[in-house]
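Residue strings, one per chain:
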Amino acid sequence: MSSDRLFADSEFGTRVLREIELESTLLGEENERIVAELSQEEQILTDQRATMTAEEFRPLAEAFDSKVQSHREGQRAKLDALSRRSEEARQKFFELVQPVLIDLLRETGASIVIERSSVFLSSDRTDITDAAIARINAVIGDGSTVENAPRE
């Protein structure tokens, strides 16, 4: 079985990946807007530099550097949070699908599920990824109703 495909091709994974892609796009757009604003501000500072003494200019330059650093840290934190959200969603998915996979194991008479990427050679007849995706979609759908439900 391919755990990556199991997640990505399930309704749950498709929803999560779509949401994360949208948030990533919005974050990229926000970053571009901030960069454009900072570039304009930097140009204004560069223009002002010609009319100021070093003592007058230094506090403005330091304030601008601090602002740039603050924006970088803020954007990095948002990107890290998005990455964590993606990983947490994968973990939640595999928690939710474990009972479904156990039932599928029992029904097929299998005693083990092996990650497809770890297998050198096999018959596609033994790959239960498609059956697992269908069963998972039937049981948890896109996960929006069970993702934040309390654990039993």
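Residues numbered from 1 in each chain as written. Predicted model: local features only at pLDDT ≥ 70, side-chain atom pairs only at ≥ 80, totals over all residues. Heavy atoms only, no water.

K.L.:
So what exactly am I meant to see when it comes to the packing of aromatic side chains here?
P.N.:
A ring pair, where both rings are aromatic, is described by two values, the distance of the centres and the angle of the planes. Scanning the model with the defined rule gives 4 aromatic pairs in all. One aromatic cluster is present, built from ring pairs that chain together F7, F12, F93 and F94. Directly above the aromatic system of F12 lies the positively charged group of R15, at a separation of 5.2 Å from the ring centroid. (Phe/Tyr/Trp six-rings, centres within 6.5 Å; stacked < 30°, edge-to-face > 60°. Lys NZ or Arg CZ within 6 Å of the ring centre and 35° of its normal.)

K.L.:
Where do I start with the nonpolar core in this structure?
P.N.:
The nonpolar side chains of a soluble globular protein tend to be buried, and buried together. In terms of nonpolar packing, the biggest core is built from 18 residues, with L6, F93, L101, A132 and I136 touching the most fellow members. For this core, the elements supplying multiple residues, two or more each, are α1 (3-9), α2 (11-49), α3 (54-108) and α4 (129-140). Of the residues forming this core, the biggest block, 7 residues, is contributed by α3. Excluding residues within four positions of it along the chain, I136 makes contact with L6, S10, F93, V97, V100, L101 and G141. Core analysis: the second largest hydrophobic core is formed by 6 residues, I34, L38, F64 and V68 among them. (Core = buried A, V, L, I, M, F, W, Y, C linked by side-chain atoms within 4.5 Å. Buried < 20%, exposed > 50% of the residue type's maximum accessible area, 1.4 Å probe, protein only. Helix = DSSP H or I, 4+ residues; strand = E, 2+ residues; numbered from the N terminus. Contact = heavy atoms within 4.5 Å.)

K.L.:
I keep staring at the packing of α2 against α3 and nothing clicks. Help me out?
P.N.:
Between two packed helices, the angle of one axis relative to the other and the distance separating the axes together describe the packing. As a packed pair, α2 and α3 sit with axes 11 Å apart at the nearest point and diverge in direction by 175 degrees. With respect to their mutual orientation, α2 and α3 come out roughly antiparallel. Its residues placed into classes, the contact of α2 with α3 shows 17 nonpolar, 6 polar and 9 charged. (Axes fitted to C-alpha atoms, helices over the stretch in contact; angles between N-to-C directions. Parallel < 35°, antiparallel > 145°, perpendicular 65-115°, else oblique. Nonpolar A, V, L, I, M, F, W, Y, C, P; charged D, E, K, R; others polar.)

K.L.:
For this particular structure, what's the right way to read the confidence of the model for the protein chain?
P.N.:
Interpretation of the predicted coordinates at a detailed level should be avoided for regions scoring low in pLDDT. With 93% of its residues at a pLDDT of at least 70, the protein chain reaches an overall mean of 90. Mean pLDDT values over the elements of the protein chain span from 91, in α4, up to 96, in α2. (pLDDT = per-residue confidence, 0-100.)

K.L.:
Whenever I open this one, α2 confuses me. Can you help?
P.N.:
Helix length check: α2, at 39 residues, gives a terminal C-alpha distance of 56 Å against a target of 57 Å (1.5 Å per residue), a fit within 8%. Looking at α2, one finds that the buried residues are F12, G13, R15, V16, I20, L27, I34, L38 and L45. (Expected span 1.5 Å × (residues − 1).)

K.L.:
Explanation requested: a nonpolar patch on the surface in the structure shown.
P.N.:
A grouping of I112, I114 and V119 is seen on the molecular surface, where their side chains present a nonpolar patch of about 250 Å² in accessible area. Topologically, I114 is positioned in the loop between α3 and α4. (Patch = residues over 30% accessible without salt bridge, like charges linked within 9 Å, V, L, I, M, F, W, Y side chains within 5 Å. Areas by Shrake-Rupley, 256 points an atom, 1.4 Å probe, with all protein chains shown as cover. Salt bridge = Lys/Arg side-chain N within 4 Å of Asp/Glu carboxyl O.)

K.L.:
Explain the pattern of salt bridges to me, please; I cannot follow it from the model alone.
P.N.:
Any two side chains of opposite charge can pair, on the condition that their charged atoms come close. Taken as a whole, this structure holds 12 salt bridges when the rule is applied. A salt bridge links E19 to R15, with the nearest nitrogen and oxygen atoms 3.2 Å apart. Here the residue E19 and the residue R15 both occupy positions in helix α2, the gap between them amounting to 4 residues, near one helical turn. A relative accessible area of 27% means that E19 is categorised as partly exposed.

K.L.:
Can you help me understand the environment of L38 in this one?
P.N.:
Structurally, the position occupied by L38 is in helix α2. Accessibility expressed as a relative area gives 11% for L38, which makes it buried. Sequence separation between L38 and S10 is 28 residues, and the spatial gap between their C-alpha atoms is 41 Å.

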